[in-house]
Amino acid sequence: MMLNSRTLLNRQTSLLSVFQYIVFGGVILYFGRTVFVPISFAVLISFVLYPICAWLETKGLTRLSAIIISLLFLVLLGLLVVGLLIYQFVEFLGEWSTIQSKLVDAITILSKSVEVFGIGQEQQHRLVTKIVDQSGSDLLGFIRGTISASTFSFVLMIIIPVYAVFILYYRRQWMKILVRLFSGEKEEVLHSIILETIQTYYAFIKGMAIVYIVVGSLNSVGLLLLGVPHAILFGFIASILTFIPYVGIIVGSLLPMAMAWITYDSMWYPIGVVGIFALVQYLEANVIFPIAVSDRLNVNTLVMLVAIFIGGVVWGMAGMILFVPFVGIVKLIADRNPKWKTLSLILGRSNGPT
C-alpha cells in the first residue's frame, strides 16, 4: 500500500513538472517571439535547403557557395510567387470602387422582394452602403498597417536568410551540441534520426509545394473558364489556405463566390465556384496529394487545429504558420525514437478502425 502511494505521488510530481515546463515554455515563447520567430523560420528554411546544399557539395562546391546558391534559388522563387500575387492584388484594389457599387446594387436587387426585420428597401440600401464603405475603409486601413509594418518585415527578410546561412554552415557544431544535450543517446543514432527527419521533411515540403502549385493552377483555370475576375489571385489564395484542415477551403472560396455573384448578378456562378473547388479538392485528396507527397506527416487533425490555435495565441500569424510544421517534425522524431512512442501515438492519426 505504501509502495502504491509512493508511485502515485511520483506520477503526480512528474505531471506537475511537465505542466510547469509547458507553462514556463509558453511564457518564454510569448515574450521572446521577436527573437524566436525569425530563428524558427530560419530553422525550417535550413531543413528545406540542407539536402540541396549537401547535393551541391558532392558536386565540388564549397559549403558556403552551396548554401548561397540554394538560398538565392529559394529567394528568387519566393519573389516570383509573391510578385505575381501582389500584381493581382493591386489590380483588385484598382477595381475596388467598381466592386463596391456592384455589391450595393446586387444586394439591393436581392432584397427588393423582402423587407428584413421590418426595414424598408431604402433603409436597407443606406445600411448596405454604409457597411460596404466601412469595409473599404477597413481594407485601406489594413493596407496602411501592412505598409507601416513593411520596415520590420524588410528587416526580417534580411535576418532570416542570414540565420539560415549560419545554421547550415555550422551544422556539424549544432549536431555536437545536440549530442551533449541528449547525452543518453548514441551520436550515430541521434545523427541518423535527425538526418532521416530532415530528409523526410524536405520530401514532404517539396511535395506540398507541388500540391499547392497544381491545386492553385487548377483553381485559377476553373475560375478563368467561369469568367471570375482575378482568378489567379483567388485560385492560389484558396490553394494556400488548404493547409488549415476543412476551414481553409471554406474561407478561401468565400471571396471568389462573392466576386462571381457581384460580377454576374446570378447565383449560378457562385454555385459554379463551389463546384470547381469541390472537384479540385477531390482531385487533390485522391490523386494529386498521393502522387506528389510520398512521405506523409500523419499528424492528427485535432492536433493540427490545436497547434494552429496555440500558434496564433503565442506568435500571431507567424505562429499559425510555424507551429504545424514544428508538430510535424516532433512527430517524425517521435516515430523514430522508441522512448517517445506515447508522444507519437498522441500526435498521430489512427491507421485503421478501432
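Given the structure is predicted, the values throughout are model-derived calculations rather than measurements.

Draft legend 1. Main features of the overall build of the chain. When helices and strands are tallied, the chain shows 14 helices and zero strands. From first element to last, N terminus to C terminus, the chain shows the α and β order α-α-α-α-α-α-α-α-α-α-α-α-α-α. The burial tally for the chain puts 32% of its 354 residues in the buried class. For the chain, restricting intrachain contacts to residue pairs at least 6 apart in sequence, the fraction spanning at least 24 positions comes to 67%. Here the chain has roughly 22,300 Å² of accessible surface; of this, 72% comes from carbon and sulfur atoms.

Draft legend 2. Molecular detail of the pattern of salt bridges. The full count for this structure, using the stated rule, is two salt bridges. For E57, the salt bridge identified is with R171, shortest N-O distance 2.9 Å. Taken together, the residues span a long stretch of sequence, with E57 in helix α2 (residues 33-58) and R171 in helix α7 (residues 171-181) at a distance of 114 residues. A salt bridge links D335 to K331, with the shortest nitrogen-to-oxygen separation between them at 2.8 Å. Remark: K331 and D335 occur in helix α13 (residues 317-335); sequence separation between them is four residues, near one turn of the helix. We classify K331 as buried; its relative accessible area is 6%.

Draft legend 3. Examining the environment of P256 more closely. Looking at where P256 falls in the secondary structure, it is placed in helix α10 (residues 247-264). Not counting chain neighbours up to four residues away, the residues in contact with P256 comprise L223, V228, F234, V273 and F277.

Draft legend 4. Quick peek at helix α12 (residues 301-315). For α12, with 15 residues, the first-to-last C-alpha span of 21 Å sits near the 21 Å given by 1.5 Å per residue. For α12, the full list of buried residues reads V303, M304, A307, I308, G311, V314 and W315. Down the axis, α12 shows its buried residues gathered within 140 degrees of arc, on one side only. In α12, the exposed positions angled more than 90 degrees off the buried face are occupied by L302, F309 and V313.

Draft legend 5. Representation of the side chain of E284. Looking at the secondary structure, you find E284 in helix α11 (residues 268-292). In this structure, E284 is in contact with V211, V215, F289 and P290, ignoring residues within four places of it in sequence.

Draft legend 6. Layout of the nonpolar core. One finds C53, L168, Y201, W315, L322, F323 and V327 to be the most contacted residues of the largest nonpolar core, which totals 34 residues. Apart from residues lying up to four places away in sequence, F323 is in contact with A307, I310, G311, V314 and W315. Listed in part, the 19 residues of the second largest apolar core include F204, M208, L223 and F289.

Draft legend 7. The arrangement of the packing of aromatic side chains in detail. The final tally for this structure, using the stated rule, is four aromatic pairs. On the numbers, 5.1 Å between centres and 90 degrees between planes, the contact of Y30 with F31 is edge-to-face. Given a relative accessible area of 66%, F31 falls into the exposed group. Where Y169 meets Y170, the ring centres are 5.1 Å apart and the plane angle is 85 degrees; that geometry is what we call edge-to-face. A relative accessible area of 37% places Y170 in the partly exposed class. Ring pairs connect the aromatic residues F166, Y169 and Y170, which therefore count as one cluster.

So, how was this worked out
- Along every chain, residues carry numbers that run from 1 in the direction the sequence is written.
- Per-residue local features of the predicted model are confined to residues with pLDDT of at least 70, and side-chain atom pairs are confined, for both listing and counting, to 80 or more; whole-chain, interface and lining totals are unaffected and use all residues.
- Hydrogens and water molecules were not included; the side-chain quantities draw on all heavy atoms of the structure.
- Runs of E in the DSSP output that reach at least two residues are strands. Runs of H or I that reach at least four are helices, and both are numbered from the N terminus.
- Each residue's exposure class comes from its accessible area (1.4 Å probe, protein chains only) as a fraction of the maximum for that residue type: buried when under 20%, exposed when over 50%, partly exposed otherwise.
- Contact between two residues is taken to exist if any of their heavy atoms lie within 4.5 Å; hydrogens are not considered.
- Note that accessible areas follow from Shrake-Rupley with a 1.4 Å probe, and for residues the cover is restricted to the protein chains shown.
- Any Lys or Arg side-chain nitrogen located within 4 Å of an Asp or Glu carboxyl oxygen qualifies as a salt bridge.
- Working rule for helices: expected span equals 1.5 Å times residues minus one.
- Think of it as the arc spanned by the lines of direction from the helix axis to the C-beta atoms.
- To qualify as a nonpolar core, a set must consist of buried Ala, Val, Leu, Ile, Met, Phe, Trp, Tyr and Cys residues joined through side-chain atoms within 4.5 Å.
- Each pair of aromatic rings taken from Phe, Tyr and Trp, with Trp reduced to its six-membered ring, is defined by centres within 6.5 Å and is described as stacked if the planes are under 30 degrees apart, edge-to-face if over 60, and tilted in the remaining cases.

These results come straight from atomic positions and should not be treated as a statement about function.
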